[in-house]
Amino acid sequence: MKELVKETLKKDLFINGEWKTANHYTPLYSPYSGECIAEVPAATLEEVEFALQSAYEARNIMASMPSHQRASILENLVKLLEEKADEAAQILALEAAKPITTAKAEIARTIQTYKFAAEEAKRIHGETIPVDAAPGGEGRMAYTVREPIGVVAAITPFNFPLNLVAHKVGPAIASGNTVVLKPAQQTPLSAFFLAELLQEAGLPAGALNVVTGSGSLIGEKLVTDERVQKISFTGSPEVGIGIRNKAGLKRVTLELGSNAAVIVDKDVDVDSIIARCVSGAFAFQGQVCISLQRIYVHEELYSAFVEKFVAATQKLVIGDPLVASTDVSALISSKDVQRALGWIEEAKQQGAKLATGGQTKNNILYPTVLLEVDPTLKVSCQEVFAPIVLINKFSSVDEAIELVNDSKYGLQAGIYTQNIYTALKATQQLHVGGVIVNDIPTFRLDHMPYGGVKESGIGREGVKYAIEEMTEQKLIVFNQN
């Protein structure tokens, strides 16, 4: 690991296929140890302008590139990621304090995402239109094609520094677009690592540009610049709504988080779901957009579920993210630790019961379980993004569905039940972007459509669906008369 730190001690901006020395650099600190692990560029407006112009000038090269060549570049990237998977996982553990086992799982998903992108690059097509179905269409032929939209601005969060980037960069390359990538300030090393691999994989200069630094400064430029045709953002509702308001006629995909919930019906075998629910609540310290934050359990199972859930939670291993046995490590910043502690204290003062957790060690917040939580409290109605879960009881599934829907968010929800009619009712009545039956809402595969309703965002990710939003449909009509 010391060698890795030395290699990544100082990174430069990646613009137009070259590493550019920046005017300013800032230190990057490990969330777990607090040590300085790198110096990263703080891009100026002039440097962002250079990145934008490089992407803009490269757009025709990418648009005219045959789909098999775009697929080959992505296939080359997959091979390189497979060869360097351990190094990639160590970078995630170092910069994000992601437990190394969880980091390795993210790398596996990232590889899968780029595989899907390579495959989808060869499947971008339109359709023929039966124009003679309308009077006046006789003797004519019509069809549609899909064309790349141009420059895509990708603004990504810290929690999945490689896979959420893959969900933006992969579809963009597959569909013949160029990208300006602004990674989260805490997790830039993985973005630079990706740039190195794509350069080696044969991506043309200017097709990917990585700029790091102030989110407000860089984001404002990317969102308002007329050369950008598409913005793909994952982050907070406040920032996402601001982007939407400033984007004008640009296409925008926003994934803005959630306070995901699961319903546990009375006919469920509690023992069979405890481990899965604990994992959904506390994986990567709960810093997952579809992390299991709210659990609603039928009153007949409530006591048994709570007892077993708390016991399993207390067995989780807390510590260094680079140790393979670690389940839970540091939150991304001390500020987030203090915020989470404040929300826990508010809940306790308002009558919630602390079943386990609530204590800290440096930047680590121990996995925390709260019971009997009022739905108006922050730990229930806002996105906690920390290892905190609440468990409340219900008497009927109708009541549970109302509790899940009583949220400004709507990304994904889950329900455990053995009753097919109950399951169907839940799929129809839960107001979310995805309903997961007999599993936690944290379930996601990278080729599925993924996105939410309400303040969870607009648009869909999942490689095929992202490509649709990164391409324009063009109609072509031949008059054969």
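Data block above holds the structure.
What you see as residue numbers is a count from 1 along each chain, following the sequence as written. Confidence filtering applies because this is a predicted model: local features only for residues at pLDDT of at least 70, side-chain atom pairs given and counted only at 80 or more, and all residues used for totals across whole chains, interfaces and linings. Side-chain descriptors were evaluated using all non-hydrogen atoms of the structure, hydrogens and water having been removed beforehand.

## Digging into the nonpolar core
To be explicit about the condition: Side-chain atoms within 4.5 Å link the members of a nonpolar core, which is a set of buried Ala, Val, Leu, Ile, Met, Phe, Trp, Tyr and Cys residues. Any residue under 20% of the maximum accessible area for its type is buried, any over 50% is exposed, and the rest in between are partly exposed; the area is computed with a 1.4 Å probe on protein chains only. Two residues form a contact once any of their heavy atoms are found within 4.5 Å.
Counting residues in each nonpolar core, the largest one holds 57 residues, and the members touching the most others are Tyr114, Val169, Leu198 and Leu208. In this view, Leu198 contacts Ile73, Leu77, Val169, Ile173, Leu203 and Leu208; residues no more than four positions away in its chain are not counted. Within the second largest apolar cluster, 29 residues are counted, among which are Val337, Ala347, Ala352 and Ala413.

## Concerning the pattern of salt bridges
Just so we agree on the cut-off: Whenever Lys or Arg places a side-chain nitrogen within 4 Å of a carboxyl oxygen from Asp or Glu, that contact is recorded as a salt bridge. Here a helix means four or more residues in a row that DSSP labels H or I, a strand means two or more in a row labelled E, and each is numbered from the N terminus.
With the rule as written, the count across this model stands at 25 salt bridges. For Lys11, the salt bridge identified is with Glu196, shortest N-O distance 2.7 Å. With Lys11 in the loop between helix H1 (2–7) and strand S1 (13–15) and Glu196 in helix H7 (residues 189–201), this pair connects stretches of sequence that are 185 residues apart. We classify Glu196 as partly exposed; its relative accessible area is 31%. Among the charged side chains, a network of salt bridges with common partners joins Glu49, Lys221, Asp225 and Arg227.

## Focus: the pairing of strand S4 (residues 36–41)
For the record, the criterion: Think of it this way: DSSP has to see at least two bridges between two strands before they count as a pair.
Where strand S3 (residues 25–29) lies against S4, 5 bridges are found, and the strand directions are antiparallel. Looking at S4, one finds that Pro27 is bridged to Glu39. Linking S3 back to S4 in an antiparallel pair, the connection comprises 6 residues, with Gly34 at a positive phi of about 80 degrees.

## Section: the environment of Val179
Residue position: Val179 is located in strand S8 (residues 178–182). Note: C-alpha distance between Val179 and Ile274 (95 residues apart in sequence) is 42 Å.

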